[in-house]
Amino acid sequence: MAKITENYEVVYIIDPAVGEEAVAATVEKFKALAEQHSSSVEVEEWGKRRLAYAIDYKTEGYYVLMSFSCEPSFPRELDRVLGITDGILRSMIVCKGE
């Protein structure tokens, strides 16, 4: 029988130039989206760090790690929303092995 849920992690980088309130609102937006579609959501804010290489001429970003369990269809929607959200520099979603 196939698994219904999988464990996922997503790391996304927010442009810190948008301001502290916008960064906090973005983190809360994605946490709420994950809580609607998944269970056991954990958000770990790594804070403002220097990027390994410049992205759109920016050298710093606000890193956020989010772990959750959900059906395999939700990560595709999350990736789409991350891609169209202003202020997101990069994101990566991975399925954690057991």
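Here the structure is shown first, and the text comes after it.
Described below are features of the structure shown in this document. (Residues numbered from 1 in each chain as written. Predicted model: local features only at pLDDT ≥ 70, side-chain atom pairs only at ≥ 80, totals over all residues. Heavy atoms only, no water.)

### Focus: helix α2 (residues 74–84)
Point 1. Residues of α2 that are buried include every one of Phe 74, Pro 75, Leu 78, Val 81 and Leu 82, and no others. Projected onto a plane normal to the axis of α2, the buried residues spread over an arc of 120° and lie on a single side. What points out from α2, more than 90 degrees from its buried face, is the exposed set Arg 76, Gly 83 and Ile 84.
Point 2. Those residues of α2 hidden inside the fold are in contact with β1 (6–14), α1 (20–37), β3 (58–70) and β4 (88–95). (Buried < 20%, exposed > 50% of the residue type's maximum accessible area, 1.4 Å probe, protein only. Helix = DSSP H or I, 4+ residues; strand = E, 2+ residues; numbered from the N terminus. Arc of directions from axis to C-beta. Contact = heavy atoms within 4.5 Å.)

### Here's the deal with the pattern of salt bridges
Point 1. Scanning the model with the defined rule gives four salt bridges in all.
Point 2. The salt bridge involving Lys 58 is made with Asp 15; its shortest N-O contact spans 3.8 Å. Here Lys 58, found in strand β3, pairs with Asp 15, found in the loop between β1 and α1; they are 43 residues apart in sequence, far enough to count as distant.
Point 3. Residue classification places Lys 58 among the partly exposed residues on the basis of a relative accessible area of 28%.
Point 4. The exposure class assigned to Asp 15 is buried, which follows from its relative accessible area of 10%.
Point 5. For the salt bridge of Arg 80 with Glu 77, the shortest nitrogen-to-oxygen distance reads 2.8 Å. Taken together, the residues span about one helical turn, with Arg 80 and Glu 77 both in helix α2 at a distance of three residues.
Point 6. Judged by its relative accessible area of 45%, Arg 80 is partly exposed. (Salt bridge = Lys/Arg side-chain N within 4 Å of Asp/Glu carboxyl O.)

### What about the packing of α1 against α2?
Point 1. Here α1 crosses α2 at 160°, and the two axes come no closer than 11 Å. Judged by the inter-axis angle, α1 sits roughly antiparallel to α2. Considering how the two elements wind past one another, α1 and α2 form a crossing that is right-handed. Judged by residue contacts, Lys 29, Phe 30, Leu 33, Ala 34 and His 37 of α1 engage Phe 74, Leu 78, Val 81 and Leu 82 from α2.
Point 2. Among the residues making up the contact of α1 with α2, the classes are represented as seven nonpolar, one polar and one charged. (Axes fitted to C-alpha atoms, helices over the stretch in contact; angles between N-to-C directions. Parallel < 35°, antiparallel > 145°, perpendicular 65-115°, else oblique. Left-handed = near helix turned anticlockwise from the far one by under 90°. Nonpolar A, V, L, I, M, F, W, Y, C, P; charged D, E, K, R; others polar.)

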